[in-house]
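Given next are the chains, with one letter for each unit.
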Amino acid sequence: MNTLTVSPSPHVHSGDSVKKNMYGVIIALLPALAASLYYFGLGALIVSLAAVISCVLFEWAIQKFLLKTNPAIMDGSAALTGLLLAFNLPTNIPIWIIIIGSLVAIGIGKMSFGGLGNNIFNPALVGRVFLLISFPVQMTSWPEHGKNLTSYLDATTGATPLSIMKEGLANGESVSSLMDKIPSVSELFFGYTGGSAGEVAAAALLVGLIFMLLRKIITWHIPVAVIGTIVIFTGLLHLSNPEVYAGPLFHVLTGGVMLGAIFMATDYVSSPMSNKGMIVYGIGIGLITVIIRVFGAYPEGVSFAILIMNGFVPLIDKYIKPKRFGEVIKAGKK
Amino acid sequence: MRKEEKMNQWSNFSKGFFKENAVFTLLLGMCPTLGVTSSASNGLGMGLATTFVLVMSNLVIALIKNLIPDKVRIPAFIVVIATFVTIVEMTMQAYVPALFDSLGLFIPLIVVNCLVLGRAEAFASKNNLVSSIIDGLGMGLGFAMALTILGSVRELLGSGKLFGIVIYPEDYGMLVFVLAPGAFIALGYLIAFINRVKKTA
Amino acid sequence: MAKTESTLKNMVLTLLVITGVAGASLGSMYELTKEPIAAAKLAKQQAAIKEVVPEFNNNPGEEVYEAQSKEGFTLKFFPAKKDNQLVGTAIETMTNTGFGGDVKIMVGLKPDGSIINYQVLEHKETPGLGTKMDVWFKTDKDNQSIVGKNPAKNNLTVSKDGGEVDAITAATISSRAFLDAVRVAYETYNQNNPAVEKGGKDESVE
């Protein structure tokens, strides 16, 4: 563990600020945005713009008229929430649903708890889960990639790899026969598959991860813990019975694992403070995700897993505290 | 003198609607509040059933309060309440089977509604017959009102209807409000709204 | 009036009296409501039967018979007769393959086995998805409806499984369960009425 080095003043301001970090995350999301535009075309553009604009507008309106404070929409947090929400939606979803989702994300997920810094749950995920439960039909019909570059609402739809797997297994088919119906690993990696706007291209999301790690916007702990847990857990299941449980690569590359582990779970406000806490939190997300996917009713469980672990963060922070400034380390205790 | 007493009875009755509303202020009886309010008519039905039990148990307990030894008062109250709940259950099953079907399990649960036992313990066992009946009526109707409001909000947002009348197409309804999580969300915002009104009033 | 003291004798006595009075009043209440409750239950059953078979003038509730399905469910059969001629059978059937467990429906079959109508009695499916089954399979749109079809001639499974019925959007599992309950009803009906085995054409009993 690093020891804290404290030097006497004068200190140099590192230039870190909420604003800088938020825009850093947004920059890290740009490759994924580009990928979604490439695969889904017009639909991805409309959904992203609608979500970002309505999130910023709702944030401004709530701060201005309900809370009567100075609107702080330029810190980029509302725009980030909007972008993350858009990345979690199918690209053929009607705009009015996006607007409801933005209102829920900002109004219920963020402002009701006291605004930026006080929200217990990741606002974008609150909006997404609300929509998933409220409009299950629209939220689970995914446009096919690459075929609908110029169409929006009338895009042809297909199933995601995860739902093909879930329904096939429920129907008594074996994993190996189902794997033929699913895009290959390299196709999954570069995003030739159906799904939410921002979650399809693992490669683009990894580029974002590397950028954020280099800029020290996030640390490696949460993404590694989440993905590592999923790999180990699904790997063990796969080894125990390869015909019933799909392998780890399939689980990591499909659905929202990459997007969730890199961009959703690492949200500053709703994740633990200490490195150890982050690892506990990441393992929890990984475990719950696999349990929901393999044994639960829904084909995908990343967003539920992150929200559930968000609820545990205060508890994690209570028992695994970051080292306090000036704290004397007791002998015998590492 | 008489006028003052009338005023007291009026405030005794009206406190259940706003100042000491069971749902919005005291947060009592949360189980039926969250469980049955998926539609306005369910909320109203449950509220009226509870009102009946509340009035009758307040009445009986006010009558026999001095006969019951202190140490066994809770079991005695529960028996009285359970009796009236069972009467309501059987009557509903016989004459309004449709309502009985939709309220189902929650009717027997009126027995353990904190509101009913709470009023018996806190009010009826200390006050006279008339005040107790009025208290039961006020608290009960206040409870019914709260459940109907909550039910209306959830039905309107969730399925686009109000008392079964279509307001807008169901496809646009936010299903989450018909389900349990929506009950918590709607109740939370209603309480916040009422607290705000109270603050400014 | 003075408050009763909390002596053992007093406590036992009060509780005894209170429970006695409560018991007596509940007993008489039960007697009073017994008949209306039975009548309400019968009316509900009759209404459900009326929904799924053509007009009849017997009392199907009296001629009801039960049979075990292959899966071990106990099904109830209500024969509806008009002037002693069998016009249809309302079958209370079920399956345990629903998304939320058991799905109970009542389906009406003509003597030749074709489906007249159905009614959903009990289920725990997801609201907004599986719950749509109460009207979905009788809505005449695309290939949704099963009304008028005969399981002997039509493949009544969802189109994803190679059948000819459109599943409820985003609720394939509930749709499968519903159609499974229909299949259970038809098969068990066949076992008990071998005449319909070949779509009612062959009259010889095997």
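Cut-off values and rules
- Residues numbered from 1 in each chain as written.
- Chains lettered and ligands numbered in written order.
- Predicted model: local features only at pLDDT ≥ 70, side-chain atom pairs only at ≥ 80, totals over all residues.
- UniProt positions renumbered as here; feature names shortened; annotations may be inferred.
- Helix = DSSP H or I, 4+ residues; strand = E, 2+ residues; numbered from the N terminus.
- Buried ≥ 20, exposed ≤ 12 C-beta atoms within 10 Å, placed from the backbone.
- Axes fitted to C-alpha atoms, helices over the stretch in contact; angles between N-to-C directions.
- Parallel < 35°, antiparallel > 145°, perpendicular 65-115°, else oblique.
- Left-handed = near helix turned anticlockwise from the far one by under 90°.
- Contact = placed C-beta atoms within 7 Å.
- Core = buried A, V, L, I, M, F, W, Y, C linked by C-beta atoms within 7 Å.
- Pairing = 2+ DSSP bridges.

Per an unreviewed UniProt entry, the recorded name for chain C is Ion-translocating oxidoreductase complex subunit G, and the organism is Carboxylicivirga linearis. In its Subcellular location (unreviewed entry) section, the UniProt entry covering chain C states "Cell membrane". Under the Sequence similarities (unreviewed entry) heading, UniProt states for chain C: "Belongs to the RnfG family."

Moving on, we get to the overall build of chain C. Along chain C, the regular secondary structure elements total three helices and five strands. Listing each helix as α and each strand as β along chain C from the N terminus yields α-β-β-β-β-β-α-α. Projected onto its principal axes, the C-alpha positions of chain C cover 85 × 45 × 30 Å. Across the 206 residues in chain C, those meeting the buried criterion constitute 35%.

So, on to the packing of helix 2 (residues 42-66) of chain A against helix 4 (residues 95-110) of chain A. Residues and elements named next belong to chain A. Contact pair helix 2 / helix 4: the axes reach a minimum separation of 9 Å and the direction vectors enclose 40°. In this view, helix 2 runs oblique relative to helix 4, as classed from their interaxial angle. With respect to the hand of their crossing, helix 2 and helix 4 are arranged in right-handed fashion. From helix 2, Val 47, Ala 50, Ala 51, Ser 54, Cys 55, Phe 58, Glu 59 and Ile 62 reach across to helix 4, where they touch Ile 95, Ile 98, Ile 99, Ser 102, Leu 103, Ala 105, Ile 106 and Gly 107.

With 148 residues, the main nonpolar core has Cys 55 of chain A together with Val 53 of chain B as its most contacted residues. Residue contributions to this core peak at 11 residues, all from helix 4 (residues 73-95) of chain B. Residues in contact with Val 53 of chain B, not counting those within four places in the same chain, are Ile 81, Phe 84, Val 85, Val 88, Ile 110 and Val 116 of chain B. The next biggest cluster of nonpolar side chains, apart from the first, holds 42 residues, and it includes Phe 78, Met 94, Phe 99 and Ala 170 of chain C.

For the rest of this paragraph, the subject is the pairing of strand 4 (residues 101-109) of chain C. Residues and elements named next belong to chain C. Relative to strand 4, strand 3 (residues 85-98) runs antiparallel, the two being bridged by eight bridges. Each bridged residue has a counterpart across the sheet, and for Ile 91 the counterpart in strand 4 is Val 107. With six bridges connecting them, strand 4 and strand 5 (residues 115-122) associate as antiparallel partners. Following the sheet pairing, Met 106 is matched in strand 5 by Gln 119. Here strand 4 hands over to strand 5 after five residues, with Gly 113 in that stretch at a positive phi of 100°.

What follows deals with the environment of Lys 41 of chain C. Topologically, Lys 41 of chain C is positioned in helix 1 (residues 8-52). It is 23 Å that separates the C-alpha atoms of Lys 41 of chain C and Thr 95 of chain C, two residues lying 54 residues apart in sequence.

Turning our eyes to something else, we now look at unusual backbone geometry. With phi around 55°, Lys 216 of chain A is a residue other than glycine that occupies positive phi space. Within the secondary structure layout, Lys 216 of chain A lies in the loop between helix 10 (202-214) and helix 11 (221-240). In this structure, Asn 84 of chain C is a non-glycine residue whose phi angle is positive, near 65°. You can see Asn 84 of chain C is positioned in the loop between strand 2 (74-82) and strand 3. Overall, the presence of 7 C-beta atoms within 10 Å leaves Asn 84 of chain C in the exposed class.

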